[in-house]
Amino acid sequence: MDEEKKAQFQAELLRLRKEVTEALARKTQDVHGRAGGEALDEADMGNATLSMELELSSRRMLLETLEMIDKALRRIETGTYDTCEICRRKIPLERLQAIPYTSYCVECQAKQEAQRKK
Ligand SMILES: [Zn+2]
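Residues numbered from 1 in each chain as written. Predicted model: local features only at pLDDT ≥ 70, side-chain atom pairs only at ≥ 80, totals over all residues. Heavy atoms only, no water.

Trainee: For this particular structure, what's the right way to read the coordination of the zinc ion?
Mentor: Each pair of donors in an ideal four-coordinate tetrahedral metal site encloses 109.5 degrees, whereas pairs in an ideal six-coordinate octahedral site enclose 90 or 180 degrees. The protein atoms that coordinate the zinc ion are Cys 84 (SG), Cys 87 (SG), Cys 105 (SG) and Cys 108 (SG), at distances spanning 2.2 to 2.4 Å. Metal-centred angles of 104 to 116° between the four donor atoms at the zinc ion mark the site as tetrahedral. All donors of the zinc ion come from a single chain, and their spacing in sequence reads C-x2-C-x17-C-x2-C. Given a relative accessible area of 0%, Cys 84 falls into the buried group. (Donors = N, O, S within 2.8 Å, 3.2 Å for Na, K, Ca; no water. Tetrahedral: all angles 85-135°; square planar, octahedral: opposite > 155°, others 65-115°. Buried < 20%, exposed > 50% of the residue type's maximum accessible area, 1.4 Å probe, protein only.)

Trainee: Any chance you could explain the side chain of Ser 103 here in plain terms?
Mentor: One can find Ser 103 in the loop between α3 (93–98) and α4 (106–117). For Ser 103, a relative accessible area of 5% translates into the label buried. When sequence neighbours within four positions are dropped, the list of residues in contact with Ser 103 reads Lys 71, Arg 75, Thr 83, Cys 84, Glu 85 and Ile 91. (Helix = DSSP H or I, 4+ residues; strand = E, 2+ residues; numbered from the N terminus. Contact = heavy atoms within 4.5 Å.)

Trainee: Before we go on, may I ask you to explain the nonpolar core in this structure?
Mentor: Nonpolar side chains in soluble globular proteins tend to end up buried together. Grouped together as the largest cluster of nonpolar side chains are 19 residues, with contacts concentrated most on Leu 13, Ile 69, Tyr 81 and Cys 84. When residues of this core are traced back to their parent elements, those giving at least two are α1 (3–36) and α2 (42–78). If sequence neighbours within four positions are ignored, Tyr 81 has contacts with Met 1, Phe 9, Leu 13, Ala 72, Arg 75, Ile 76, Ile 91, Leu 96 and Pro 100. (Core = buried A, V, L, I, M, F, W, Y, C linked by side-chain atoms within 4.5 Å.)

Trainee: When you look at the pattern of salt bridges in this model, what are you seeing that I'm missing?
Mentor: Oppositely charged side chains can form a pair if their charged atoms are brought close together. As enumerated under the stated definition, the model contains nine salt bridges in all. Between Arg 15 and Glu 12 there is a salt bridge, with the nearest N and O atoms lying 3.0 Å from each other. With Arg 15 and Glu 12 both in helix α1 and three residues apart, this pair spans about one turn of that helix. Residue Glu 12 is classed as partly exposed on the basis of its relative accessible area of 29%. Taken together, the shared-partner salt bridges connect Glu 12, Arg 15 and Glu 19 into one network. (Salt bridge = Lys/Arg side-chain N within 4 Å of Asp/Glu carboxyl O.)

So, to be careful, I would describe these as geometric facts and stop short of saying anything about function.
Right under this line is the structure:
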């Protein structure tokens, strides 16, 4: 991959990183605000717990995405950005453009996801 492309992906990843970090900061505020602030009556409790779980699970997703972005940024620096971590083949450019923080080619990603479901 040439330097110009690398710089483009790096800029895109940094932009995504900022977005995810901001979303995370908002979530953290939300959860704290709700836990400490307004009192809930019995009827609302069920819903509150459910939405709290949703908040936390999407928070976990954001944290995972953040990790992947940081990893991708390191991969750009070490020159392994477009190499699949598992099979060591080149990840197609179109795939990186669609998901700039991926570390796997389509085949390996599918295998990973199939394993997760087990
Ligand atoms: Zn692969």
